[in-house]
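Structural characterization, general
Residues per chain are reported as follows:
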Amino acid sequence: CYYIFPGGFMKDKDYVSSIQVQPVVCVNSIDVGNSITVTVDFIDVDAPPSPQVSPVKTTLECTKSGSSITFEADANEHNLIHVRNAGADGIVKMNMCAPVGAAFEGYFYDSFPHSLITYGSNAAYGSYKKGDSTACPSTSPTSYQSDYGDTYIAIPPVAGANAKATVEVSCSFSQCLWNSYLSNGVCAQCPSNQISLQGSTSLSDCEPCPGGTYLENPLSAACTISEDYQEITSSKGWRLWAHESHTVSGWAWDVEQLDFYSSDDCSGSKVASDGTPLDSGNAGSGWGPDRAFNNGPWGGRE
């Protein structure tokens, strides 16, 4: 089975949507030269199937000044190293040396290697880079740039070998990811429903999501408009707004026509618009807020 995890391009486009759909393609049978039968399923990463492989797990917390861990990997066992909190540009390095005749391999992944661990497939499935062991002492580390703060390294068993490899994994970064900030040399997450720019260095850099929005995921690039609402029977006024991240330009919002109805399906007669419209900014003469109620457009500007 091959677990298809979201690539960097898709995560950059829409992180939340990309991680919501994660297919798994399994080959059921092959009639060489004639046909192949496959099944496609979708994994629930919060409740995945029971793993077919039980690796020896090691965790390394990345720091700005650099952190490392050294351990022995047995040729008869699966080993899985999780490098956490590697910031926006974390560099992960692996030095691995072993006795002559024992060829260990380390595979690098951007997310948990379900193909190998959950489905028992080849360790190369889903890996972006491979590092081989060398004779001790090792002086040729394999380097890998972390993606979205996480890196996994799997070291599968070595067939026919009864040996151990000495493995050193290190990590350092210069900037924290967005929605986090540097604190005591590590990246700390902003408080709930607060965002920050990449490279933030203080809790004060975190800002609350605007009213009516929330942070759907700690790695979301922007706050999301909430679809929760409370039905009311009367109001003294209405406020319509758009966060800059939800506009095409990032600074303009043109409204052709705005009408109010007493029904949620906009049926029946319009509610009279006899109040005084105000705005926070517009494109100038002929683009004022009154235009939204009079065949538009209103030219909203930041």
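None of the values given here were measured: they were computed from a predicted structure.

1. Structural notes on the packing of aromatic side chains
With the rule as written, the count across this model stands at 10 aromatic pairs. Geometrically, the ring pair formed by Phe112 and Tyr152 is edge-to-face, given 5.7 Å between the ring centres and 85 degrees between the ring planes. One end of the pair, Phe112, is in the loop between strand 8 (105-109) and helix 3 (114-117); the other, Tyr152, is in strand 11 (residues 151-155), and 40 residues separate them in sequence. The exposure class of Phe112 is partly exposed, given its relative accessible area of 23%. Note on Tyr152: relative accessible area 12%, which makes it buried.

2. What about the side chain of Ser111?
Tracing the sequence through the fold places Ser111 in the loop between strand 8 and helix 3. Of the residues examined, Ser111 reaches a relative accessible area of 18% and is grouped as buried. Leave out the neighbours within four places in its chain, and Ser111 touches Tyr3, Phe5 and Tyr152.

3. Side note on a nonpolar patch on the surface
A surface patch of nonpolar side chains, amounting to about 800 Å² of accessible area, comprises Val21, Val27, Ile30, Val32, Ile36, Val38, Val40 and Phe42. Those elements giving two or more residues to the nonpolar patch turn out to be strand 2 (23-31) and strand 3 (35-42). Looking at which element gives the most residues to the nonpolar patch, the answer is strand 3, with four residues.

4. Some details on the pattern of salt bridges
Evaluated as defined, the whole model comprises six salt bridges. For the salt bridge of Arg84 with Glu61, the shortest nitrogen-to-oxygen distance reads 2.4 Å. Of this pair, Arg84 sits in strand 6 (residues 79-84) while Glu61 sits in strand 4 (residues 56-61), placing them 23 residues apart in sequence. Across the pair Asp132 and Lys130 runs a salt bridge whose closest N-O atoms are separated by 2.6 Å. Accessibility expressed as a relative area gives 41% for Asp132, which makes it partly exposed. Among the charged side chains, a salt-bridge network with shared partners connects Glu105, Lys130 and Asp132.

5. Re the sheet that holds strand 7 (residues 91-97)
Spatially, the four strands line up as an open sheet ordered 5-12-7-10, and their pairing is antiparallel. Each end of this open sheet is capped by a strand with a single partner; those strands are strand 5 (67-74) and strand 10 (142-145). Recorded for the sheet is a direction-independent mean angle of 20 degrees between the axes of neighbouring strands. Bridge count between strand 7 and strand 10: four bridges; the pairing is antiparallel. Bridging from a neighbouring strand, Val92 pairs with Tyr144 of strand 10.

6. Here we look at the state of the cysteines
Here a disulfide denotes a covalent bond joining the sulfur atom of one cysteine to the sulfur atom of another. Following the criterion strictly, the structure yields six disulfides and no others. One disulfide bridge connects Cys62 with Cys171, the sulfur atoms lying 2.1 Å from each other. Note on the Cys62 and Cys171 pair: the S-S dihedral is about -85 degrees, so by sign convention the disulfide is left-handed. With Cys62 in the loop between strand 4 and strand 5 and Cys171 in strand 12 (residues 164-172), this pair connects stretches of sequence that are 109 residues apart. In this structure Cys171 comes out as buried when scored by relative accessible area, which is 3%. Across the disulfide, Cys209 is cross-linked to Cys223 (sulfur-sulfur distance 2.0 Å).

Criteria and cut-off values
Residues numbered from 1 in each chain as written. Predicted model: local features only at pLDDT ≥ 70, side-chain atom pairs only at ≥ 80, totals over all residues. Heavy atoms only, no water. Phe/Tyr/Trp six-rings, centres within 6.5 Å; stacked < 30°, edge-to-face > 60°. Helix = DSSP H or I, 4+ residues; strand = E, 2+ residues; numbered from the N terminus. Buried < 20%, exposed > 50% of the residue type's maximum accessible area, 1.4 Å probe, protein only. Contact = heavy atoms within 4.5 Å. Patch = residues over 30% accessible without salt bridge, like charges linked within 9 Å, V, L, I, M, F, W, Y side chains within 5 Å. Areas by Shrake-Rupley, 256 points an atom, 1.4 Å probe, with all protein chains shown as cover. Salt bridge = Lys/Arg side-chain N within 4 Å of Asp/Glu carboxyl O. Pairing = 2+ DSSP bridges. Axes fitted to C-alpha atoms, helices over the stretch in contact; angles between N-to-C directions. Disulfide = S-S within 2.5 Å.

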